Amino acid sequence: MRTSGRTSKRLTINQKYSLTGWGFLAPAAILICVMNFYPMIQALVLSFQTGIGNNLQFGGLSNYARLLKDPVFRTALVNNFVYLIIQVPIMLILALILASVLNIKDLKGKGIFRTAIFLPCCTSLVSYAIIFKTLFSYDGYVNTVLMNLGLISERVNWLSQEGSAKVIIILALIWRWTGYNMVFYLAGLQNIDDSLYEAAKIDGANAIQSFFKITVPMLKPTILLTTIMSTNGTLQLFDESVNLTGGGPANSTLTMSHYIYKASFEYNPQFGYAAAMSYVIFILVAILAFVQMKVGDKR
Amino acid sequence: MKRVKKIAAYLFLTVASVISVFPLYWMISAATNNSTDVLGGRLLPGLHLIENYKELILQQNVGRSFGNSMFYSCTLSLLSLLVCSIAGYGFEVYHDKRKDTVMSILLLAMMVPFAATLIPLFKLFTGLGLQSTWIAYILPTISTPFLIMLFRQSTRTFPREIIEAARIDGLSEIKIFAKLYFPTMKSTYAAAMTVTFMNAWNNYLWPKVIMMSADSQTMPMMVANLSAGYSIDYGVLMLGVLICSLPTGILFLILQRSFTNGILGAVKG
Amino acid sequence: MKKKVLSILMTAMMALSLAACGSTDNSTAPAAGTDSQPATAESVKTEAETPAGEQTLKVWCWDSFNVDAMKTAGAMYEAEHPGVSIVVEETLSKDIQTIVQTCAMSGQLDSLPDVFLMDDQVFTKYLQNYPEVFADLTDSGIAFSDFAASKVANSVSGGKNFGVPYDSNTVIACYRTDYLEQAGYTVADLTDITWDQFIEIGKVVKEKTGMPMLTNVQGEPDLLNMILQSAGISVFDEDGKIDLVDNEGLKEAMEVYMTLVKEGILQEQVDWSGYQGSINNGTVVGTINGSWICATIMSTDQAEQEGNWAVTNMPKLNDYAGATNYSAQGGSTWAVCSASKNYDLAVDFFKSTWAGSTEFYDSILTDLGAIATYLPAAESEAYNQKSAYFNDEAIYSKIVSYGGKIPTVNKGIYWTEEKEALGIALSKVINGKSDLDAAIAEAQSTVEFNMGQ
């Protein structure tokens, strides 16, 4: 009798705690449902509809069929992947190297270096796009310096040639985000015990060997996290395309998000088609995250 | 040998720092020069700051945009921190199988691209007549999986014994969170504040769509307008960019120590 | 506990949605009120007598030039009507279009100002797509016959007027006479000529002065569109279908443009500020654009440019039937929002300034160089005054006389898509990425694709 009474009481306490827990996470969960999941479902419904503006009718898979035939969407997709494949690895490797160097013991002025490298992150996306646009404009600073140094004989239209416009977007992205990722690696590095490095040193490993044998494997979860975050961010690029190059020249820097925006708000609005395009981004992000997690697990 | 290595390290860091800071320095110096000097490649600070400022406030309603951005970003950050920290705490302290399932479902939201939810959200908010209001600005991003995860991971460093002891003392669950957890986790809050405020302040796509009235214009929108005009005064433009970057920059400089520690707490788990 | 939290949340959400409903109700009320607009012709008279309370008319327009013109009108009206204030807010043309569209789609027109400026080239598109946004001005008492007919046509739909015409879109060619002289030419040599003749002159000028004759923003098919309209070439047929492939006129116009670029007679600029800079810094001989470009020309810091500019008509397409030396570019028209609570005030404001005051037009012409399409103003002295800046010639009356000779073309609702596609086609051809026929075919399929939805 006595014991059973106690258990029932403990159960209620546990139940109470469990309920409190639900209460604690309810606001956040409801908000995510209403602001993320519900719109996602609506977007899915929308993606099966065709028409201009609010005159929509059911169109089955026609929007998805349309996607396959759209050269502009293909261009935007390729652009996104060019950014992803070139920019993300360079940025993450650079961030990792910077973090490891900053982690070297008895190096002075670490705080200043860390602050300096993180600072670009404080500029808003619009601001830094404009800074880069101005620096690389026809009468901008970069041209002036290169002219004065005699490296070029005529001013270059950096932002109006396909190749250089893409390169500038990539440079800008690396500049803006390397410091951000570096902070994650720095935090991760502090969890690695120094004795590991000491032991490696005794075994005769040099700095590069211990970087690959200790640092990289120990930071695996953090590297995975930053890779997923960067992939996600790169596939959703919008501000840079709009403010740095306007998607030009001839759509060569246009991103998928920018094209979705144009299709919804600049052209005669094609919401159904825009929703179908956004599902492509969602599926790509999900697949890439899944693959990255699998690869991350195996190693 | 060791010395050479050290010099190489310093050299590398210095180059990286200079590259990082140079565009920012250039922005600051350009804000104090007139357009001709900016385009002429002048690098030294000039004497045109006040002139540029006068021209800027003549062209754009800087006070209103700054005030709007400040109000939206502060409200959003505070609410976001409250909602997400309670949730992160709840997931960790009261965790059981079902809550873990809910958490992993919520994490899926991290992969939802904003472009996908843009149109339905736009229809939702305009349907309610909430366009151009602060509610429309903040509601979609109050609760983010990233922040919930950050708090959940950090809560693991919060000693369980404190909770047990407080319960024996008869403190209610809410009070334990407010009086014990909150003050202890300052650095996590600082990290979360920095990230959230930066995102809130720099938000561009959603406000561009939903904040239609000129009265609800934000700083990034104002700066984008400045750069899209027919005749651009680069000194004035860069001053606008500078003002737009100041709040996030200052916030980071103030909170940076706690910021790194806060991220550390999250990465540890 | 769970119940408690849930109930709090529910109440909060209900309060939120209630508040939302409340504001929807407010906004629909005035919109419904606008249905009775045709009857307002009478109420306008009473309106002028009863500016009892404080009234504010909010206006959106782009570019400091338009802002200043509107502010001049506002100041004039405010002086005569105490208690009324005209608030002008600078909003980019592109943003106005986006906001009109988003507001119309959500049915929330109260985010729009009372009055806003619309680009003439897209006015038709928005009027056809979202007629509910624009207040009907047909019976407002505004005398539309006082404006150039080709201009009024931009804002007419179904025989009804939806806009008050503003700045002139007449195309002019402006050249530096001092540079031409160095090459042995006068403006007369560039008047009433064909593009072939122009190209020959351009080659000589380039050789003797080292300077290109023209400047244009790259990727913007503005000049191309001017050439097209000058010959009455439509890129949309009567049914609104896109007609680029096998459009001989388009091909010829694009060939002219490419020759200009290839021979260095036309220099492409990265953006608008580069375009403006090339004119103001004297690195080009001239430009062809809407007559509003005069304001840009006069905004230079170089004092020596004064008196060295001349205005004439643009070259015409060589032997194309219907080719003329006249075209249209840009230009804009004022629209009144149908949800405006100040419809009567807006109409009265227009009647006393933009559609009724020659003094007003004289003042914006003299102070800002703003050339309008208000016909009574053209007879005033200000329009016949000689401009010291432009070779002591009465350029304003000249521009007005060009305005009557512009051919009309079909503009569909897919004008934005078409313009972008042509811009991309031009840059692809110029960068050597594609040949002319392929680029035109691609542009055609892009536009058709967008129309296929």
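The shown structure was predicted, so the numbers you read here are calculated from the model rather than taken from an experiment. Per-chain numbering applies: the sequence of each chain, read as written, is numbered from 1 onward. Written order decides the labels, with chains lettered from A and ligands numbered from 1. Since the coordinates come from a predicted model, pLDDT governs what is reported: local features require at least 70, and pairs of side-chain atoms require 80 or more to be given and counted, while whole-chain, interface and lining totals use all residues. To get the side-chain values, take all heavy atoms of the structure and skip hydrogens and water.

S.K.: Just to check I follow, could you spell out the pairing of strand β2 (residues 84-90) of chain C for this structure?
M.R.: All names here are of chain C. When DSSP finds at least two bridges between two strands, those strands are taken to pair. To qualify as a helix, a DSSP run of H or I must reach at least 4 residues; to qualify as a strand, a run of E must reach at least 2; elements of each kind are numbered from the N terminus. Relative to β2, strand β1 (residues 55-61) runs parallel, the two being bridged by seven bridges. Bridged to Val59 within β2 is Val88. By definition, the crossover connecting two strands over a helix is right-handed if that path, from the first strand to the second, turns clockwise as seen with the strands pointing away from the viewer. Remark: the β1/helix α3 (residues 63-80)/β2 crossover connection has right-handed handedness.

S.K.: When you look at the interface of chain A and chain B in this model, what are you seeing that I'm missing?
M.R.: Two residues qualify as a contact provided that any one of their heavy atoms is within 4.5 Å of a heavy atom in the partner residue. The interface of chain A with chain B comprises 86 residues on the first partner and 91 residues on the second. Ranking the residues of chain A by area buried against chain B places Phe24, Met35 and Tyr141 of chain A at the top, with a combined share of 10%. Each salt bridge in this description consists of a side-chain nitrogen of Lys or Arg and a carboxyl oxygen of Asp or Glu lying within 4 Å of one another. Where chain A meets chain B, there are zero salt bridges. Residues adjacent in sequence count toward polar contacts only when both atoms are side-chain atoms; beyond that, a polar contact is any pair of N or O atoms within 3.5 Å, and within protein one must be able to donate a hydrogen and the other to accept it. At the boundary of chain A and chain B, one finds nine residue pairs in polar contact (both at pLDDT 80 or more). A total of 21 residues in the side of chain A that touches chain B trace back to one element, the largest contributor, which is helix α1 (residues 2-46) of chain A. For the side of chain A that touches chain B, the per-class residue count stands at 57 nonpolar, 22 polar and seven charged. Defined here as a combined quantity, buried area equals the accessible surface (1.4 Å probe) lost by two parts on assembly, summed across both. Put simply, Ala, Val, Leu, Ile, Met, Phe, Trp, Tyr, Cys and Pro go in the nonpolar bin, Asp, Glu, Lys and Arg in the charged bin, and everything else, Gly too, in the polar bin.

S.K.: Honestly, the side chain of Ser327 of chain C in this entry has me stumped. Any pointers?
M.R.: Residue and element names in this part refer to chain C. Take Ser327: it is sitting in the loop between β11 (309-312) and β12 (332-336). Its relative accessible area of 0% is what places Ser327 among the buried residues. At a separation of 2.8 Å, a polar atom in the side chain of Ser327 contacts the main-chain carbonyl oxygen of Met226. With residues near it in sequence (within four places) discarded, Ser327 still touches Asn169, Thr170, Val171, Asn225, Met226, Gln229, Ser230, Met314 and Ile406. Whether a residue is buried, partly exposed or exposed follows from its accessible area with a 1.4 Å probe, protein chains only, as a fraction of its type maximum: under 20%, in between, or over 50%, in that order.

S.K.: Explanation requested: the sheet that holds β12 of chain C in the structure shown.
M.R.: Each strand in a sheet pairs with its neighbour through backbone hydrogen bonds, running either in the same direction (parallel) or in the opposite one (antiparallel). Residues and elements named next belong to chain C. Spatially, the five strands line up as an open sheet ordered β2-β1-β3-β12-β6, and their pairing is mixed. Lying at the two open borders of the sheet, with one neighbouring strand each, are β2 and β6 (163-165). Adjacent strand axes in the sheet meet at a mean angle of 25 degrees when their direction is disregarded. As defined by bridge partners, β1 adjoins strand β3 (residues 115-119) across two bridges and the pair is classed as parallel. When the sheet's bridge partners are listed, Val59 is paired in β3 with Val115. Axes here mean lines fitted to C-alpha atoms, for a helix over just the part in contact, with angles spanning 0 to 180 degrees between N-to-C directions. On the sheet, α3 packs against β1, β2, β3 and β12 and is oriented at approximately 175 degrees with respect to β2. Packed onto the sheet, helix α4 (residues 93-106) meets β1 and β3 and runs at close to 110 degrees relative to β3.

S.K.: Sorry if this is basic, but what is going on with the UniProt feature "transmembrane region" (unreviewed entry) in chain A here?
M.R.: All names here are of chain A. UniProt positions are given in the numbering used here, feature names are shortened, and annotations may be inferred rather than shown by experiment. The positions UniProt marks with the feature "transmembrane region" (unreviewed entry) are residues 21-41, 81-104, 116-135, 167-187 and 271-291. Regarding residues 81-104, the helix share stands at 92% and the strand share at 0%, and the terminal C-alpha atoms are separated by 35 Å. Helix makes up 100% of residues 271-291 and strand 0%, with an end-to-end C-alpha separation of 30 Å.

S.K.: Just checking my understanding: could you explain the interface of chain C and chain B for this structure?
M.R.: By a frequent convention, interface size equals the accessible area lost on bringing the separate parts together. Taken together, the contact pairs 23 residues of chain C with 24 residues of chain B. When the two sides are added together, the surface that chain C and chain B hide from each other amounts to roughly 1,800 Å², 58% of it contributed by carbon and sulfur. Our count for the chain C to chain B interface comes out at three salt bridges. Where Glu89 of chain C meets Arg64 of chain B, a salt bridge forms, and the shortest distance between an N and an O atom there is 3.7 Å. Inspection of the region where chain C meets chain B yields zero residue pairs in polar contact (both at pLDDT 80 or more). Among the secondary structure elements, those contributing two or more residues to the side of chain C that touches chain B are α1 (2-33), β1, β2, α4 and α11 (272-280) of chain C. A total of five residues in the side of chain C that touches chain B trace back to one element, the largest contributor, which is α4 of chain C. Its residues assigned to classes, the side of chain C that touches chain B comprises nine nonpolar, eight polar and six charged.

S.K.: Whenever I open this one, the packing of aromatic side chains confuses me. Can you help?
M.R.: Think of it this way: a Phe, Tyr or Trp ring, Trp meaning its six-membered ring, pairs with another when their centres are within 6.5 Å, and the plane angle makes it stacked under 30 degrees, edge-to-face over 60, tilted otherwise. Inspection of the entire model under this criterion finds 52 aromatic pairs over all chains. Members of the aromatic cluster, each reached through a chain of ring pairs, are Tyr17 and Phe24 of chain A together with Tyr89, Tyr94, Phe158, Phe177 and Tyr181 of chain B. We call a charge positioned over a ring when the NZ of a Lys or the CZ of an Arg lies within 6 Å of the ring centre and within 35 degrees of the ring normal. The side chain of Arg176 of chain C reaches across the aromatic face of Tyr179 of chain C, ending 4.3 Å from its centre.

S.K.: Would you explain the pairing of strand β8 (residues 214-217) of chain C in this entry?
M.R.: In summary, the side chains of a regular strand alternate between the two faces of the sheet. All names here are of chain C. Burial of β8 is two-sided: the residues Leu214 and Asn216 facing one way and the residues Thr215 and Val217 facing the other way are all buried. Taken together, the four bridges between β8 and strand β9 (residues 266-269) define a ladder with parallel strand orientation. The residue bridging Thr215 from the neighbouring strand is Gln267, located in β9.

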